[in-house]
Amino acid sequence: MLSTMSLMRLANMRECALKLPGTNRIDGRPLCITHEDVNQAFSDARQKVGLRTLALREVSDIMLDQLGTTLQETTRILATRFRLSGDELWEAVPEADVSRSEAAKRCPLWLRSGGGGGGGRDGGGCSATRFRRHDGSCNNLRHSTWGAARTPFKRLLPPEYADGISAPRLGANRFPLPPARAVSSRVHRDFSRDHEHNVTMMFVAWGQLIDHDLTLTAEAKEPVTRRDPDCCGQGPKHANCLPASVPHDDPFYRKYNQRCISVLRSLAGARPDCRLGPRVQINSLTSYIDANFVYGSSFRKADSLRLLQGGLMRTSTPTSFQSQGLKPLLPPKTEQPDDGCIRHKPGLFCFYAGDNRVNEQLALGVLHTVFVRVHNQIATELSKINQHWDDETLYQETRHIVAAIVQHITYGEFLPLLLGQDTMRQYGLNLKQEGYSNSYDPEVDASIPSSFATAAFRFGHSLLPSVMEKRSASHHIIGEKKLSEMLQQPYDLYRPGLVDQYLIGMVDQLAQAMDDSITEEVTNHLFQEPEKHFGKDLATINILRAREHGVPGFIKYKRLCGSEDIDDWPKMVYHFRNSTIDHYLDLYSDIEDIDLWSAGVAEVPRRGSLVGPTFNCIIAGTFRDVRRGDRFWYENDGWPSSFTPEQLSEIRKIKLSRLLCDAGDNIPTLQLRAMEISDYNVNPRVSCSSGSLPTLDLTYWKDYTSNKGPDEYFAENSVG
């Protein structure tokens, strides 16, 4: 006979984990999916996927992918058994109680919303402290996983998976969408030689830097080398392969008999508390603007980047730099050196930084170098002002200041150019000129939307030039280099003086026009290896990425953003060029099928904005939530992390040009606003030593208290 305890446990397992209304059932009765049903489905899915027991703290992306795939397949089993509708899969199933299931026992600690997230050095519970956690957990004291690293992207619209669970999006008529490469080669061919009349390459580089502060979708890698698996060659293929077919009449790839572009599907992720539902993808970074491109999004990564002396970051100084008195570079990437790096010989190394994409293109390497230099300059000055501060306090306080500066420049210099003043006002994005903003709202989830990560904030790919210019200290062109030769190949920065030459080139070179034309340097030669004549196609990857994330088509986002006037092809003429519409008519069988990224970069810009109304809406809404949902936002008052009024005034003085002047080796002049082209009347070049570009007065960070570590120092101000 069963014991009383066993009977009670059995009765509990037969209770409803999820109860659904019976309006769509044959018998009209509510549907009860029991805890036992969930457990059995998870057990079957676990066997199918091969999920092993997880270590609850140290979980790799591959292990998380296995768990996420198991939860996805658990959902599929329940959907089949109980004939669940698409709406039920999206709206109801994620609300199922899985706390009594085996899934809950295997849920990593940082995904447990009641456990304070994060774990690790900061402990399990959430409390308000002076400094952010590197992984972003506990930023929101009520919802510890919101915006944290390795949690799912959020959705502005329900996903449109072909099978309701995980398969990439199909067309409205259930037929396959046009090949992504066909869309790229026809709609996004390299036809335009126009330039934006105001924004510089520094604007483009800053946009990519901020993208790398906000989003990184976890993707499959070879376990040892961290190289991308080949999805087009002979032999067995990786389970996450999603190769892009190349049409037989492709104008470029047919010359090299290429019928395939290697693309990998994003890894699966798990929802907070390991809840069920359709496939989700994880953001490996924090969703907050916290300069994690400098510091990393985990404690382990952060420590590997630190010198652990004087609050400083690790750097390297080649002998030739020392002899010429030049500032140091980023440290070389000596572990897994082929990860994100095209190397011509074994002794050649790319750079190591808080974000692994530092080597993706050379302009990023320049800005990463700038910020590591800025960090070390601030930390060194603080160590003189507060000689009793230890390494940890110097590091954390400097990190706190740098994150605030990145926020200030992004909202003060970058977003107004991108979105326009009307949108800045409409979404409450303008910065305060004095005092505190107090805009923090703990009910705002700052997590990045899938539509932002896979499409809208990839707008900058239209602005990329074919070459990057090098300029002298007097702003004269002294050379240029093909963009394709600088992708994952940042080696020019090892040559003395070239950091300055590229930096000055970036502030003087105009960006390409914002339109549907994309340079061949990234549509035919992306990450091209030296011995080959072709590479990958960035536009194809963008289109496939959104499809495999189940991101709906452009028209649905157009409606979400308030436009109801596109419901047939003739009305497209108000939003797109005629040639673009002609291509879409040839490629897509239904207007609802048009891919979000493709139409987003092609849409006629909103007045005062670089991008069209749809991308404008998605981007503005995301940055509104990133600001309002960030407890550590630099303008906030009343928290241990808050700056004093005097400190806040100092941060507000800083312009990007000031940082570039300070971090460069020998830059005599720059325009006031580095992301805009210089103009004698409205944006003049000024001396880096002039008062027109004020410096940060760090004496306002003078600490008159006794010597305390960062935890003790601010413990008296901790709340929550």
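Our structure is the block above this text.
Residues numbered from 1 in each chain as written. Predicted model: local features only at pLDDT ≥ 70, side-chain atom pairs only at ≥ 80, totals over all residues. Heavy atoms only, no water.

Visitor: Any chance you could break down the overall build of the protein chain for me, citing the residues and the numbers?
Guide: Across its full length, the protein chain carries 24 helices and 12 strands. Computed over C-alpha atoms, the radius of gyration of the protein chain comes to 26 Å, within 12% of the 27 Å expected from 2.2 N^0.38 for 720 residues, which places it in the range of a compact globule. Each principal axis of the C-alpha atoms in the protein chain carries an extent, and together these give about 85 × 70 × 50 Å. The burial tally for the protein chain puts 59% of its 720 residues in the buried class. A separation of at least 24 residues holds for 73% of the contacts in the protein chain among residues at least 6 apart in sequence. Measuring between centres, the 84 positive side-chain charges of the protein chain sit 3 Å from its 89 negative side-chain charges. (Helix = DSSP H or I, 4+ residues; strand = E, 2+ residues; numbered from the N terminus. Rg over C-alpha atoms; globule rule 2.2 N^0.38 Å. Buried < 20%, exposed > 50% of the residue type's maximum accessible area, 1.4 Å probe, protein only. Contact = heavy atoms within 4.5 Å. Lys, Arg positive; Asp, Glu negative; His and termini not counted. Charge placed at Lys NZ, Arg CZ, Asp CG, Glu CD.)

Visitor: Now, about the packing of helix H12 (residues 391-419) against helix H21 (residues 613-628): what can you tell me, with residues and values included?
Guide: With their axes 11 Å apart at the nearest point, H12 and H21 run at an angle of 160° to one another. On the basis of the axis angle, H12 is roughly antiparallel to H21. Crossing handedness for the pair H12 and H21: left-handed. In this structure, H12 contributes Thr410, Tyr411, Leu415, Leu418 and Leu419 to the contact, and H21 contributes Asn616, Ile619, Ala620, Phe623, Val626 and Arg627. When grouped by side-chain class, the residues that make up the contact of H12 with H21 number eight nonpolar, two polar and one charged. (Axes fitted to C-alpha atoms, helices over the stretch in contact; angles between N-to-C directions. Parallel < 35°, antiparallel > 145°, perpendicular 65-115°, else oblique. Left-handed = near helix turned anticlockwise from the far one by under 90°. Nonpolar A, V, L, I, M, F, W, Y, C, P; charged D, E, K, R; others polar.)

Visitor: Got a sec to walk through the pattern of salt bridges? Specific residues and values, please.
Guide: Within the structure shown, the criterion is met by 46 salt bridges. One salt bridge in this structure joins Asp339 and Arg226, with 3.8 Å as the shortest N-O distance. With Asp339 in the loop between helix H10 (319-323) and helix H11 (362-385) and Arg226 in the loop between helix H7 (201-214) and strand S5 (244-245), this residue pair connects regions lying 113 residues apart in the sequence. On the accessibility criterion, Asp339 (3% relative accessible area) is buried. Note that Glu676 is salt-bridged to Arg673, the shortest N-O span being 2.9 Å. Several salt bridges converge on common partners, so that one network encompasses Lys48, Glu73, Arg76 and Asp163. (Salt bridge = Lys/Arg side-chain N within 4 Å of Asp/Glu carboxyl O.)

Visitor: Report on the state of the cysteines, specifying residues and quantitative values.
Guide: The term disulfide refers to a covalent linkage connecting the sulfur atoms of a pair of cysteines. All chains considered together, the criterion is met by eight disulfides. Shown here is the disulfide that connects Cys107 with Cys274, its sulfur atoms set 2.3 Å apart. On the sign convention where negative means left-handed, the S-S torsion of about 95° between Cys107 and Cys274 marks this disulfide as right-handed. Placement of Cys107 in the loop between helix H5 (102-105) and strand S3 (151-152) and of Cys274 in the loop between strand S6 (260-261) and strand S7 (282-283) is noted, with a sequence separation of 167 residues between them. Here the two residues Cys107 and Cys274 agree in accessibility, since each one is buried. Across the disulfide, Cys561 is cross-linked to Cys617 (sulfur-sulfur distance 2.1 Å). Because the torsion about its S-S bond is -80°, the bridge between Cys561 and Cys617 counts as left-handed. With Cys561 in the loop between helix H18 (554-560) and helix H19 (578-587) and Cys617 in helix H21, the pair connects residues that are 56 residues apart, well separated along the chain. (Disulfide = S-S within 2.5 Å.)

Visitor: Would you mind going over unusual backbone geometry in detail, with residue names and values included?
Guide: Note: most peptide bonds trans; most residues except glycine with negative phi. The backbone of Ala291 shows a phi angle near 60°, a positive value even though the residue is not glycine. You can see Ala291 is positioned in the loop between S7 and helix H8 (292-295). Note on Ala291: relative accessible area 0%, which makes it buried. One non-glycine residue, Gln488, lies in positive phi territory at about 60°.

Visitor: Kindly report on the pairing of strand S8 (residues 467-471), identifying the contributing residues and their values.
Guide: Of all five residues in S8, four are buried, a share of seventy percent or more. Linking S8 back to strand S9 (residues 477-482) in an antiparallel pair, the connection comprises five residues, with His475 at a positive phi of about 70°. (Pairing = 2+ DSSP bridges.)

Visitor: Provide a residue-level description of the packing of helix H6 (residues 180-187) against H19, including the pertinent values.
Guide: Following both chains from N to C, one finds H6 and H19 inclined at 155°, their axes separated by 10 Å at the closest point. The pairing of H6 with H19 is recorded here as roughly antiparallel in orientation. You can see that H6 and H19 cross each other, and the crossing is right-handed. In contact with Ala182, Val183, Arg186 and Val187 of H6, H19 contributes Thr580, His583, Tyr584, Asp586 and Leu587. When the residues that make up the contact of H6 with H19 are grouped by side-chain class, the tally is five nonpolar, two polar and two charged.

Visitor: Tell me about the side chain of Asn683, and please be specific about residues and values.
Guide: Here Asn683 shows up in the loop between strand S11 (669-671) and strand S12 (685-687). For Asn683, a relative accessible area of 1% translates into the label buried. Reaching out from Asn683, the side chain makes a polar contact with the backbone nitrogen of Leu672 at a distance of 3.4 Å. At 3.1 Å, the side chain of Asn683 forms a polar contact with the backbone oxygen of Glu676. (Polar contact = N/O pair within 3.5 Å; in protein donor to acceptor, adjacent residues only side chain to side chain.)

Visitor: Tell me about the packing of aromatic side chains, and name the residues and values.
Guide: Across all of its chains, the model carries 22 aromatic pairs by this definition. An angle of 85° between the planes, with centres 5.9 Å apart, marks the rings of Tyr440 and Trp639 as edge-to-face. Taken together, the positions of Tyr440 in the loop between helix H13 (421-426) and helix H14 (450-454) and Trp639 in the loop between H21 and helix H22 (645-653) put the pair 199 residues apart, joining distant regions of the chain. On the basis of relative accessibility, which here comes to 16%, the residue Tyr440 falls in the buried class. On the basis of relative accessible area, Trp639 is assigned to the partly exposed category, the value being 24%. Pairing Phe457 with Phe459 gives two aromatic rings, centres 5.6 Å apart and planes at 65°, and the pair type is edge-to-face. Taking the relative accessible area as the measure of exposure, Phe457 reaches 5% and is therefore buried. Residue classification places Phe459 among the buried positions, given a relative accessible area of 3%. (Phe/Tyr/Trp six-rings, centres within 6.5 Å; stacked < 30°, edge-to-face > 60°.)

Visitor: Any chance you could break down H12 for me, citing the residues and the numbers?
Guide: Counting along an α-helix, one turn takes 3.6 residues, and residues three or four places apart therefore face a common direction. In a regular helix each residue adds 1.5 Å, so 29 residues correspond to 42 Å; H12 covers 40 Å between its end C-alpha atoms and thus fits that length. The sharpest bend along H12 measures roughly 35° and falls at Thr410. Across the 29 residues that make up H12, a large majority, 27, are buried. Positive backbone phi, approximately 90°, marks Gly420, located one or two places after H12. (Expected span 1.5 Å × (residues − 1). Bend = angle between axes of the 7 residues up to and from the residue.)

Visitor: Please set out the nonpolar core residue by residue, giving values where relevant.
Guide: As a rule of thumb, soluble globular proteins bury nonpolar side chains together. Core analysis: the biggest nonpolar cluster contains 153 residues, and Phe203, Trp206, Leu418, Phe459 and Phe623 have the highest contact counts within it. A per-element tally of this core places H12 first, with 14 residues. Here Leu418 is in contact with Phe203, Phe457, Phe459, Ser609, Leu610, Val611 and Ile619, once residues within four sequence places are set aside. Core analysis: the next-biggest nonpolar cluster, separate from the first, contains 37 residues, Ala17, Val93, Cys107 and Ala218 among them. (Core = buried A, V, L, I, M, F, W, Y, C linked by side-chain atoms within 4.5 Å.)

Visitor: Just give me the short version of H6, but keep the residues and values in it.
Guide: Of all eight residues in H6, seven are buried; the element is thus mostly enclosed. Taken residue by residue, H6 has Ala180, Arg181, Ala182, Val183, Ser184, Ser185 and Val187 as its buried positions.

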